[in-house]
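What follows is each chain in one-letter form.
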Amino acid sequence: MIASLFRATEVMELFSRPPHALGLTEVARQTGMERSAVQRVLYTLHAAGWLHKDPVSRRYSPSIRFLEGAFGYLVSDPLMQNASPHVISLSRETRETVNVARLDGTDIVYVSRLPARRAAYVSTVVGRRLPALNTSSGRAVLSTRSEAEIDEACATWPLGTYLATTTTDRTLIRDQIHEARAVGYAVAEEQLLPNELDIAAPIRDLSGVAIGSVQIAVSNLRWDRARLRTELAPALVDASKAITPPQDTRD
């Protein structure tokens, strides 16, 4: 392993999380690296075009090259190539926000987002990473795993608190995962954003284990759970089952 390259990736990962603009001292504190080493890494990343440096504050932030990297991933991901036609069709049919999420460790990452006209900006940006247990997408994915894996996830995976209504009771989350296993989809309400009600169905690999999910997000000011299950769940489950990932699932 190339130690200097590993340090550079550690620094780059910092800029994927808020506040996204960091100075030398902040990077050194968060990575535990010596200031001189941080200075060299930041200078190199800036010179290579990966970081922008504000001439006044001297703080660094991601450059547009981060977006180029995301483009390379999305156009080469076999799952996204197979999912896109079904997700676009589902978006047109429901006229609601439709997302695709991938499981990455203990988190889910949104890799496709087709927003409805009323969607908040944060709900339109790909690449957002969230604790899987906090989301209907993560719970839908976990519903396809073994009992031992579900138990371990519910006991040890991280949880965030985003709203007063965010569920942090791990036993309740485990029950919701088992419900998702029984009905084929997971439902969550006001877990991350106020008034958001969402439903997610697993995208399974060739062995039947989910590696991602399709999710529909709506407003609970216009929808309730009963209507969600009746009007959206069938189309969502059909779309998720229609997505057949190839052997290369990029796990």
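Above this note sits the structure.
Residues numbered from 1 in each chain as written. Predicted model: local features only at pLDDT ≥ 70, side-chain atom pairs only at ≥ 80, totals over all residues. Heavy atoms only, no water.

1. Considerations on the environment of leucine 172
Within the secondary structure, leucine 172 is located in helix H8 (residues 170-183). Spatially, the C-alpha atoms of leucine 172 and cysteine 154 are 9.5 Å apart, while their sequence positions differ by 18 residues. (Helix = DSSP H or I, 4+ residues; strand = E, 2+ residues; numbered from the N terminus.)

2. What about the layout of surface pockets?
Volume-wise, the largest pocket comes out at about 1,400 Å³. Forming the walls of the largest pocket are 29 residues, and the residues nearest its centre are Ser16, Phe66, Val109, Val126 and Gly127. Of all the secondary-structure elements, those providing two or more residues to the lining of the largest pocket are helix H1 (3-14), helix H4 (65-76), strand E3 (97-104) and strand E4 (107-114). Of the residues forming the lining of the largest pocket, the biggest block, six residues, is contributed by H4. (1 Å grid on protein atoms, 1.4 Å probe; cavity = no way out; pocket = protein on both sides within 12 Å on 5 of 7 lines; lining within 4 Å. Points joined across faces, edges and corners; volume = space filled by probe spheres on them.)

3. As for the pairing of E4
Of all eight residues that make up E4, seven are buried, and the element is covered over most of its length. Looking at chain direction, E3 and E4 are connected through seven bridges and run antiparallel. Along E4, the bridge assignment pairs leucine 103 with isoleucine 108. Two successive antiparallel strands, E3 and E4, enclose a turn made up of two residues, where glycine 105 displays a positive phi of approximately 70°. Bridge count for E4 against strand E5 (residues 129-131) is three bridges, and the pairing is antiparallel. (Buried < 20%, exposed > 50% of the residue type's maximum accessible area, 1.4 Å probe, protein only. Pairing = 2+ DSSP bridges.)

4. A word on the pattern of salt bridges
Enumeration according to the criterion identifies 11 salt bridges in this entry. Among the salt bridges present, the one from aspartate 77 reaches arginine 102, with a minimum N-O distance of 3.1 Å. A residue pair is termed long-range when its members are at least 10 positions apart, and aspartate 77 in the loop between H4 and helix H5 (78-94) and arginine 102 in strand E3 qualify at 25 residues. Each member of the pair, aspartate 77 together with arginine 102, is buried. A salt bridge links arginine 174 to glutamate 147, with the shortest nitrogen-to-oxygen separation between them at 3.3 Å. Residue arginine 174 is located in helix H8, and its partner glutamate 147 is located in helix H7 (residues 147-156); the two are separated by 27 residues in the primary sequence. With relative accessibility at 27%, the residue arginine 174 sits in the partly exposed group. Each of Glu147, Asp151, Arg174 and Arg181 takes part in a single network of salt bridges with overlapping partners. (Salt bridge = Lys/Arg side-chain N within 4 Å of Asp/Glu carboxyl O.)

5. Describing the packing of aromatic side chains
Applying the stated criterion across every chain yields a total of one aromatic pair. Ring geometry for tryptophan 50 versus phenylalanine 66: centroids 5.8 Å apart, planes at 80°, classification edge-to-face. Of this pair, tryptophan 50 sits in the loop between helix H3 (35-47) and strand E1 (51-53) while phenylalanine 66 sits in helix H4; the two residues are 16 residues apart in sequence, bridging distant segments of the chain. Above the face of the tyrosine 110 ring, arginine 113 is positioned so that its terminal group lies 3.9 Å from the ring centre. One cation-aromatic arrangement involves arginine 227 over tryptophan 223; the distance from NZ or CZ to the ring centre is 3.7 Å. (Phe/Tyr/Trp six-rings, centres within 6.5 Å; stacked < 30°, edge-to-face > 60°. Lys NZ or Arg CZ within 6 Å of the ring centre and 35° of its normal.)

6. Section: empty space enclosed by the protein
Summed over the entire model, instances satisfying the criterion amount to two cavities of 30 Å³ or more. The volume enclosed by the second largest cavity comes to roughly 40 Å³. As for the second largest cavity, its lining consists of Asn134, Thr135, Ser136, Glu190, Gln191, Leu192, Glu196 and Asp198. When the residues that make up the lining of the second largest cavity are grouped by side-chain class, the tally is one nonpolar, four polar and three charged. (Nonpolar A, V, L, I, M, F, W, Y, C, P; charged D, E, K, R; others polar.)

7. Description of the packing of H7 against H8
In a packed pair of helices, the relevant descriptors are the angle between the two axes and the axis-to-axis distance. Their axes nearest at 9 Å, the elements H7 and H8 cross at an angle of 145°. Of the two elements, H7 crosses H8, and the hand of that crossing is right-handed. Packed against H7, whose contacting residues are Glu147, Ile150, Asp151, Ala153, Cys154, Ala155 and Thr156, the element H8 presents Arg170, Arg174, Ile177, His178 and Arg181 at the interface. Looking at the contact of H7 with H8 residue by residue, the classes come out as five nonpolar, two polar and five charged. (Axes fitted to C-alpha atoms, helices over the stretch in contact; angles between N-to-C directions. Left-handed = near helix turned anticlockwise from the far one by under 90°. Contact = heavy atoms within 4.5 Å.)

8. Focus on unusual backbone geometry
For the bond from proline 18 to proline 19, the omega torsion is 10°, close enough to zero to count as cis. Inspection of the secondary structure puts proline 19 in the loop between H1 and helix H2 (24-31). A positive phi angle is found at histidine 20, which is not glycine, with a value near 75°. Residue placement: histidine 20 occurs in the loop between H1 and H2.

9. Considering the environment of glutamate 26
Within the fold, glutamate 26 resides in helix H2. For glutamate 26 and arginine 59, which are 33 residues apart along the polypeptide, the C-alpha to C-alpha distance reads 9.6 Å. Apart from residues no more than four positions distant in its own chain, glutamate 26 is found in contact with Ala21 and Arg59. Within the local environment of glutamate 26, its side chain forms a polar contact with the backbone nitrogen of glycine 23, the two atoms lying 2.6 Å apart. (Polar contact = N/O pair within 3.5 Å; in protein donor to acceptor, adjacent residues only side chain to side chain.)

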